[in-house]
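Chain residues, written in single-letter form:
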Amino acid sequence: MKKLLLSLLIATTALTASADEGMWLPNQIAQRVKDMRAKGFKLSAKDIYYNEQGASLKDAIVLFGTGCTGEMVSPDGLLLTNHHCGYGAIQKHSSIDHDYLTNGFWAMNRSEELPNPGLTVTFLERMEDVTERINAGESIAEIREKASEGGKYSIRIEPMYYGNQYMMYVSKVYKDVRLVGAPPSSIGKFGGDTDNWMWPRHTGDFSIFRVYADANGEPAEYSEDNVPLRPKKYFTISTQGANEGDFTFVYGFPGTTQEYLISDAVEYTLNRANPAKIHLRTLRLNVIREASEADPKVRIQYAAKQAGIANAWKKWQGESLGLARLGTIAKKQNYEAEFQKWAANREEYAHLLDSMRAAYARNEEDFFRREFTAESIFAIELVKMARWCGANSGAVNDARKAYIEAFFKDFVPAIDRKTAKLLIAEYIKSIKALPAGWKDEINARGGVESYVDYLYDNTSLLTREGMTAALTDKTALEADPIYKLYERFSGSEYSSRGSIISRLLDIARWYKPYMKALREWDSKRAFYPDANLTLRVAYGKVAGYHYADGVYHRPYTTIDGIIEKDNPEIYDYNIPQSLRDAYATKNYGRWACDINGRNTVPVAFLAANHTTGGNSGSPILNAKGELLGLNFDRTWLSTMSDIEYDPEVCRNISVDIRYVLFVIDKIGGASYLFDEMNIK
């Protein structure tokens, strides 16, 4: 009897939403505000999302690009986001002569701000529950067309709770976004891949942009006639900081979480998918690092690529460690066993878990091959361009010329050739179902190394001229050996249809009734919809955590820690001389504060807000809705929070706004920007 009670306790509490867990829809905040107020929140639900008398905080939040968050900080369209979110834009403007990655960039007036074709920011106008309309038979296309008002608004309709609810997001997309400022990478990316996902952290992860609009404040393509956007709302900046235990909340666009997966999915992730993807990315990173260390030009060319590869690579490692440490598979199995007891006598749900498990078993091998293909064959840069050429064959217009030029600007054939040899060798070793005749061709060429040399020695796609010609001559393209390699993997059995096994239709169709059943059975659980790059609120307190036995990580770092790590011989730790000088003379200005009896500048801090990818650049706000900093990461022990949130160790990392202002002032010399901010 005691064992049964213990099992039930574990099953019904271990996976229940814990103290600071949750990514809440803004229109759900009215249901959460009582709990928020109990923890220190000073505002109302209307202040967060909808205020009939005026703008709310949501009007100061933007989706930056296609996968980050930004926030408005002035009445003249000034926007803050992370350095790593603006990294692609900064890198595109960089060259050996103008190395803005290494040296930073600061526009000293608006005429010096740099345009970024293709970069957008998206403001949410409103959201609406359209579940009843869809269930009544109205199509998503019809709903979207009506709401767009002839193209005035961008419309997204997203399923929540695996399709048990549908929310419509009505937004405006601004296309003229200009770079205003970025610190040197030795500040904005301080610590590089070594410090990524780690704590303590000393990274000034911010960049500054400005949003422009037409004379009426409406979205417009870039034009010298555009004017700075007058946003409905912008944040007041607090320089008071936050102490351990203080209430905070994060407002932004978290990308993807999978909190309601069944144990089969977690087992696939932990024991099969993550190890394979980590290994393949390790091979790619080793090649890029070796080449980057040997040539400064290559370092600039591959900086954004390396950061993109490394980010998920390290995240997956931490996620796997966390899932193993928490015993997530066993917890979910216990939870599912208790659910099954409840469901057994309910015809609608009695065989639901059996159906889900059978679906995973049917799809696992096929999906693993797709994931492996995406991380190997389609990670070869020239193969990706062969696919692009095939999809874009025809007249070579200006847009296609620009795409080819951008590719070759940051492409080193020797790196791609070496990477291809490693990845193809791993593919043959790991995947049973190879394309027909492929292995015979490789053997006939004398093995993988000789085969890859043949591909690269005989392709026409290694030059701008050859790739341009391939677009206009489909017959020649189809005869190209690199294109032939791509074609071997262009079939549906190899092409990736998404990076999450649970989104396969044969599996996903079972999650809708499963979520419905869970909410009926586990009625006391605080269910929130999985993140899907829609606007969310997460709240929690500033908090440190116990990293290991006898090791407590305090929730803040300071400029002193930067100096301790400073190393001129290591690129990612070689800080600007101006930062060393400011530290030596204690020239901190009004950004200094007293921490444990030391006159210093705060750099980063921890809080227990539930965040994930997409929350990069999100504002972290105090109880009054004032800007304390910019969220930019999680601790390594937190990366499993996309699947299971652990309140004991899950922490988000933010750069303190006082360090941001200090860098703008003392390193960038761009303090004129403060004139348009509301700084308290």
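Computed from a predicted model, the values in this text were never measured in an experiment.

What counts and what doesn't
- Residues numbered from 1 in each chain as written.
- Predicted model: local features only at pLDDT ≥ 70, side-chain atom pairs only at ≥ 80, totals over all residues.
- Heavy atoms only, no water.
- Helix = DSSP H or I, 4+ residues; strand = E, 2+ residues; numbered from the N terminus.
- Rg over C-alpha atoms; globule rule 2.2 N^0.38 Å.
- Buried < 20%, exposed > 50% of the residue type's maximum accessible area, 1.4 Å probe, protein only.
- Contact = heavy atoms within 4.5 Å.
- Pairing = 2+ DSSP bridges.
- Axes fitted to C-alpha atoms, helices over the stretch in contact; angles between N-to-C directions.
- Core = buried A, V, L, I, M, F, W, Y, C linked by side-chain atoms within 4.5 Å.
- Salt bridge = Lys/Arg side-chain N within 4 Å of Asp/Glu carboxyl O.
- Parallel < 35°, antiparallel > 145°, perpendicular 65-115°, else oblique.
- Nonpolar A, V, L, I, M, F, W, Y, C, P; charged D, E, K, R; others polar.
- pLDDT = per-residue confidence, 0-100.
- Disulfide = S-S within 2.5 Å.
- Expected span 1.5 Å × (residues − 1).
- Bend = angle between axes of the 7 residues up to and from the residue.
- Left-handed = near helix turned anticlockwise from the far one by under 90°.
- Phe/Tyr/Trp six-rings, centres within 6.5 Å; stacked < 30°, edge-to-face > 60°.
- Lys NZ or Arg CZ within 6 Å of the ring centre and 35° of its normal.

Undergrad: What should I look at first to understand the overall build of the protein in this one?
TA: Helix and strand counts for the protein come out as 26 helices and 22 strands. Against the 2.2 N^0.38 benchmark of 26 Å for 680 residues, the protein shows a C-alpha radius of gyration of 26 Å, consistent with a compact globule. Seen through its principal axes, the protein has C-alpha atoms that stretch 70 × 70 × 60 Å. In the protein, which comprises 680 residues, the proportion classed as buried is 57%. When contacts within the protein are restricted to residue pairs at least 6 apart in sequence, those whose partners lie at least 24 apart make up 78%.

Undergrad: It is not clear to me how the sheet that holds strand S20 (residues 619-621) should be interpreted in this structure. Could you clarify?
TA: Think of a sheet as strands paired side by side through backbone hydrogen bonds, with each pair either parallel or antiparallel. What the 7 strands build is an open sheet, ordered S13-S12-S20-S21-S22-S19-S16; its pairing is antiparallel. The sheet terminates laterally at strand S13 (536-541) and strand S16 (556-558), the two strands that pair on one side only. Mean inter-strand twist for the sheet, computed between neighbouring axes without regard to direction, equals 30°. The pairing of strand S19 (residues 602-607) with strand S22 (residues 652-656) spans 4 bridges and is antiparallel.

Undergrad: Explanation requested: the nonpolar core in the structure shown.
TA: Among soluble globular proteins, nonpolar side chains are generally buried collectively. Among the nonpolar cores identified, the biggest contains 166 residues, and Ile424, Trp438, Tyr659 and Phe662 are the most heavily contacted of them. No other element matches the 11 residues that helix H10 (residues 263-294) contributes to this core. Excluding residues within four positions of it along the chain, Ile424 makes contact with Ile377, Ile380, Trp438, Ile442, Val448, Tyr451, Val452 and Leu485. Counting 27 residues, the second-largest nonpolar core is a separate cluster that includes Cys68, Tyr87, Ile90 and Phe209.

Undergrad: Would you mind going over the pattern of salt bridges with me for this structure?
TA: Between side chains of opposite charge, a pair can form when the charged atoms approach closely. The tally for this structure, following the rule as stated, stands at 55 salt bridges. With a closest N to O distance of 3.2 Å, Lys39 and Asp35 form a salt bridge. The partly exposed category is assigned to Asp35, whose relative accessible area is 28%. Linking Lys565 and Asp195 is a salt bridge whose minimum nitrogen-to-oxygen distance equals 3.0 Å. Placement of the pair is Lys565 in helix H24 (residues 559-565) and Asp195 in helix H9 (residues 192-195), with a sequence separation of 370 residues. For Asp195, a relative accessible area of 7% gives the class buried.

Undergrad: For this particular structure, what's the right way to read the pairing of strand S21 (residues 627-634)?
TA: Each regular strand carries side chains that alternate between the two faces of the sheet. Burial analysis of S21 places 8 of its 8 residues in the buried class, which makes it a mostly covered element. Relative to S21, S20 is paired through 3 bridges, and the arrangement is antiparallel. Bridge assignment links Leu621 to a residue of S21, and that residue is Leu627. Connecting S20 to the antiparallel partner S21 that follows it, the hairpin turn spans 5 residues, and Gly625 within it adopts a positive phi of roughly 80°. Here S21 pairs with S22 via 5 bridges, running antiparallel. Each residue of the ladder has a partner; that of Asp633, found in S22, is Ile653.

Undergrad: Please explain the packing of H10 against helix H13 (residues 328-343) as it appears in this structure.
TA: The relative placement of two packed helices is expressed as an angle between their axes plus a distance between the axes. Packing of H10 against H13 brings their axes to within 9 Å, and their N-to-C directions diverge by 170°. In terms of their interaxial angle, H10 and H13 are classed as roughly antiparallel. Across the interface between the two elements, Ser263, Val266, Glu267, Leu270 and Asn271 from H10 touch Thr328, Ile329, Lys332, Gln333 and Glu336 from H13. Considering only residue class, the contact of H10 with H13 consists of 3 nonpolar, 4 polar and 3 charged.

Undergrad: Help me understand the confidence of the model for the protein in this model?
TA: For any part of a model where pLDDT is low, the fine detail of the predicted coordinates should not be relied upon. Mean pLDDT for the protein: 94, with 96% of residues reaching 70 or above. Scored below 50 in pLDDT, residues 1-18 makes 23 contacts in the model with residues more than four places away or belonging to other chains.

Undergrad: Can you walk me through the state of the cysteines in this structure?
TA: Note on terminology: disulfide describes a covalent bond linking the sulfur atoms of two cysteines. Tallying each qualifying case throughout the model produces 1 disulfide. A sulfur-sulfur separation of 2.2 Å characterises the disulfide bridge that pairs Cys68 with Cys85. Judged by the sign of its S-S torsion, about -80°, the cystine formed by Cys68 and Cys85 is left-handed. Of this pair, Cys68 sits in strand S2 (residues 68-72) while Cys85 is found in helix H4 (residues 83-92), placing the two residues 17 residues apart along the sequence. When its relative accessible area of 11% is taken as the criterion, Cys68 is described as buried. Accessibility expressed as a relative area gives 14% for Cys85, which makes it buried.

Undergrad: Can you walk me through H10 in this structure?
TA: Since one α-helical turn is 3.6 residues long, residues separated by three or four positions face the same way. Here H10 contains 32 residues, and its C-alpha end-to-end distance of 45 Å stays within 8% of the 46 Å for a straight helix at 1.5 Å per residue. Taken as a whole, H10 carries its principal kink of about 40° at Thr269.

Undergrad: Explain the packing of helix H14 (residues 352-375) against helix H17 (residues 413-430) to me, please; I cannot follow it from the model alone.
TA: At a closest axis distance of 10 Å, the pairing of H14 and H17 adopts a crossing angle of 165°. It follows that H14 is roughly antiparallel to H17 by the angle criterion. Considering how the two elements wind past one another, H14 and H17 form a crossing that is right-handed. Of the residues in H17, those in contact with Arg369, Phe372, Thr373 and Glu375 of H14 are Leu423, Glu426, Tyr427 and Ser430.

Undergrad: Honestly, the side chain of Glu336 in this entry has me stumped. Any pointers?
TA: Structurally, Glu336 is set in helix H13. Judged by its relative accessible area of 2%, Glu336 is buried.

Undergrad: Help me out: how do you make sense of the packing of aromatic side chains in this one?
TA: For any pair of aromatic rings, geometry is given as the distance between the ring centres together with the angle between the planes. Counting across every chain of the model gives 36 aromatic pairs. The interplanar angle of 45° and the centroid separation of 5.6 Å between the aromatic rings of Phe41 and Phe247 together place this pair among those described as tilted. Taken together, the positions of Phe41 in the loop between helix H2 (29-38) and helix H3 (45-48) and Phe247 in strand S12 (residues 247-252) put the pair 206 residues apart, joining distant regions of the chain. Here Phe41 falls in the buried class, since its relative accessible area comes to 2%. Following the ring pairs from residue to residue traces out a cluster consisting of Tyr162, Tyr335, Phe339, Trp342, Tyr349, Tyr511, Tyr514 and Trp521. Positioned above the aromatic ring of Tyr302 is the side chain of Lys305, whose terminal nitrogen or guanidinium carbon lies 4.1 Å from the ring centre. If you follow Arg387 out to its NZ or CZ, it ends over the ring of Phe378, 4.4 Å from the centre.

Undergrad: Would you explain the environment of Pro117 in this entry?
TA: With respect to the helices, strands and loops of the structure, Pro117 is situated in the loop between strand S5 (114-115) and strand S6 (121-129). A sequence separation of 75 residues divides Pro117 from Gly192, and the C-alpha atoms of the two residues are 27 Å apart.

Undergrad: Help me out: how do you make sense of unusual backbone geometry in this one?
TA: Residues other than glycine predominantly adopt negative phi, and peptide bonds predominantly adopt the trans conformation. Note the cis peptide between Trp199 and Pro200, where omega equals 5°. With respect to the helices, strands and loops of the structure, Pro200 is situated in the loop between H9 and strand S10 (207-213). Here the phi dihedral of Trp197 falls at roughly 70°; this positive angle occurs in a residue that is not glycine. Phi angles above zero are rare outside glycine, and Asn596 is one such case at about 55°. Summarising the element assignment, Asn596 is placed in the loop between strand S17 (593-595) and strand S18 (598-600).

Undergrad: I keep staring at the side chain of Glu138 and nothing clicks. Help me out?
TA: Residue placement: Glu138 occurs in the loop between helix H6 (131-135) and helix H7 (140-148). Ignoring any residue separated from it by four or fewer positions in sequence, one finds Glu138 in contact with Arg133, Ile143 and Lys146.

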